[in-house]
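# Observations on chain architecture
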Amino acid sequence: MVLYTPLSLDDVFSGNQPSEDVFEAVIQGRQVLLRRGADGMARLERLLSTEPNDYLDPAFSPGTVLNP
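First things first, this report covers the structure right here in the doc. (Residues numbered from 1 in each chain as written. Predicted model: local features only at pLDDT ≥ 70, side-chain atom pairs only at ≥ 80, totals over all residues. Heavy atoms only, no water.)

### With respect to the sheet that holds strand 4 (residues 65-66)
Here four strands make up an open sheet; going across it, the order is 1-2-3-4 and the pairing antiparallel. Of all strands in the sheet, those bounded by a partner on one side alone are strand 1 (22-27) and strand 4. Pairing geometry for strand 2 (residues 30-36) and strand 3 (residues 42-48), over six bridges, is antiparallel. Pairing of Arg-35 across the sheet is with Arg-43, part of strand 3. (Pairing = 2+ DSSP bridges. Helix = DSSP H or I, 4+ residues; strand = E, 2+ residues; numbered from the N terminus.)

Below is the structure:
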């Protein structure tokens, strides 16, 4: 992919920086991204897996509260 723009790379890719409240963890052998909310609870932001059956597990649906 080629991107032609007068903007600097820092301006184009500035939104790709993970925020401080998002962190990676391994839960039940699966790598996930969790987001710590204002209440201090860690909620599932994204499941990082190449195994299709992992996405069918309701325990790993987005928004689920998990303990890292």
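That covers the picture; the talk isn't over yet.
### Let's talk about the nonpolar core
Counting nine residues, the largest nonpolar core consists of Ala-25, Ile-27, Val-32, Leu-34, Ala-42, Leu-44, Leu-47, Phe-60 and Leu-66. Listing elements by their share of this core, those giving two or more residues are strand 1, strand 2 and strand 3. For this core, the element with the highest residue contribution is strand 3, accounting for three residues. Among residues more than four places away in sequence, those in contact with Leu-44 are Val-32, Leu-33, Leu-34, Phe-60, Ser-61, Pro-62, Gly-63, Thr-64 and Leu-66. (Core = buried A, V, L, I, M, F, W, Y, C linked by side-chain atoms within 4.5 Å. Buried < 20%, exposed > 50% of the residue type's maximum accessible area, 1.4 Å probe, protein only. Contact = heavy atoms within 4.5 Å.)

### Some points on the side chain of Arg-30
Along the chain, Arg-30 turns up in strand 2. A distance of 2.9 Å separates a polar atom in the side chain of Arg-30 from a polar atom in the side chain of Asp-54. Sequence-distant contacts of Arg-30, defined by excluding residues within four places in its chain, comprise Ala-25, Leu-47, Asp-54, Asp-57 and Phe-60. (Polar contact = N/O pair within 3.5 Å; in protein donor to acceptor, adjacent residues only side chain to side chain.)

### Describing the pattern of salt bridges
In total, this model carries five salt bridges according to the counting rule given. With its nearest N and O atoms 3.4 Å apart, the salt bridge here joins Arg-35 to Asp-21. Note that Arg-35 is positioned in strand 2 and Asp-21 in the loop between helix 1 (9-12) and strand 1, a separation of 14 residues in sequence. The partly exposed category is assigned to Arg-35, whose relative accessible area is 31%. Taking the shortest distance from any N to any O, the salt bridge between Arg-30 and Asp-54 comes out at 2.9 Å. Taken as a pair, Arg-30 in strand 2 and Asp-54 in the loop between strand 3 and strand 4 lie far apart in primary sequence, 24 residues in all. Just as Arg-30 is buried, Asp-54 falls in that class too. Connected through shared salt-bridge partners, Asp-21, Arg-35 and Glu-45 make up one network. (Salt bridge = Lys/Arg side-chain N within 4 Å of Asp/Glu carboxyl O.)

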